[in-house]
Amino acid sequence: MPRGEQWLQKVSATRTFARIAPHVIPALDRAVHRLTRGKVLLSARMLPGVVLTATGARSGLPRRTPLACLPEESGWLLIGSNFGRPGHPAWTGNLLKNPEAEVSWRGRDIPVRARLLTGEERAQAWRAALAFWPPYATYQARVAREIRLFRLERR
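Residues numbered from 1 in each chain as written. Predicted model: local features only at pLDDT ≥ 70, side-chain atom pairs only at ≥ 80, totals over all residues. Heavy atoms only, no water.

J.: Tell me about unusual backbone geometry, and name the residues and values.
T.: Although it is not a glycine, N82 adopts a positive phi angle of roughly 55°. Following the sequence through the fold, N82 ends up in the loop between β4 (75-80) and α3 (90-97). When its relative accessible area of 15% is taken as the criterion, N82 is described as buried. Unlike most non-glycine residues, R106 shows phi in positive territory, near 55°. (Helix = DSSP H or I, 4+ residues; strand = E, 2+ residues; numbered from the N terminus. Buried < 20%, exposed > 50% of the residue type's maximum accessible area, 1.4 Å probe, protein only.)

Here you go:
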């Protein structure tokens, strides 16, 4: 693993990062994504990322959320880590209520259907997520809830 990636993983596993990053990274990502017409996500310099557009569970309005993802052959794996903070991230509740969504991936808008993973399928995906980004283990250790994993498949 390159030294810069090790440093980044150590920093991203800290509680300070968990307090600051959720307020800074998504705002920067949304702004840069908008300015580049969907071609650039700053956080994708660390991890692959999508901008998820899901229907709000309570509002019914479109909600755009930049997220790290694990690209798969037929779609993407999304990890609802919330940076190891208490409570599930809002986008996970949106997908539970309204699984039909859209992702912006490398400048293209792609319709998807989200599915919450459970059982062995979740366990297998969690192992892949940890191999991909080890700090997810630190995030899980900080919270009592089970981190939600979603598989997004192209519609």
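J.: Quick rundown of the nonpolar core? Include the residues and the values.
T.: Within the largest apolar cluster, 17 residues are counted, with the highest numbers of intra-cluster contacts made by L52, W76, L78, L95, V103 and L152. Of all elements in the fold, only β1 (49-55), β4, α3, β5 (100-105), β6 (108-116) and β7 (148-154) reach the threshold of two or more residues within this core. Core analysis: the second largest hydrophobic core is formed by 15 residues, L47, A125, W126 and A129 among them. (Core = buried A, V, L, I, M, F, W, Y, C linked by side-chain atoms within 4.5 Å.)

J.: Give a description of the sheet that holds β6 that names residues and reports values.
T.: An order of β2-β1-β5-β6-β7-β4-β3 is seen for the seven strands of this open sheet, with the pairing classed as antiparallel. Each edge of the sheet is formed by a strand with only one pairing partner; in this case those strands are β2 (62-68) and β3 (70-72). The average undirected angle you get between the axes of adjacent strands in this sheet is 30°. Here helix α4 (residues 119-132) sits on the sheet and contacts β3, β4, β6 and β7; the angle it forms with β7, its principal contact strand, is near 95°. (Pairing = 2+ DSSP bridges. Axes fitted to C-alpha atoms, helices over the stretch in contact; angles between N-to-C directions. Contact = heavy atoms within 4.5 Å.)

J.: Pulling in residues and values, what's your account of the side chain of T53?
T.: Here T53 is to be found in strand β1. The class of T53 is buried, set by a relative accessible area of 17%. Among the polar contacts made by the side chain of T53, one reaches the side chain of R64 at a distance of 3.1 Å. Apart from the residues lying within four places of it in its own chain, the contact partners of T53 are P62, R63, R64, A101 and E102. (Polar contact = N/O pair within 3.5 Å; in protein donor to acceptor, adjacent residues only side chain to side chain.)

J.: How would you explain the pairing of β6 if you had to name every residue and give the values?
T.: Two elements, β5 and β6, share six bridges in a ladder whose sense is antiparallel. Paired with V103 across the two strands is I110, which belongs to β6. Counting the residues in the hairpin turn of β5 and β6 gives two residues, including R106, whose phi is positive at 55°. In terms of strand pairing, β6 meets β7 through five bridges, oriented antiparallel. Looking at the pairing, V112 lines up with R154 of β7.

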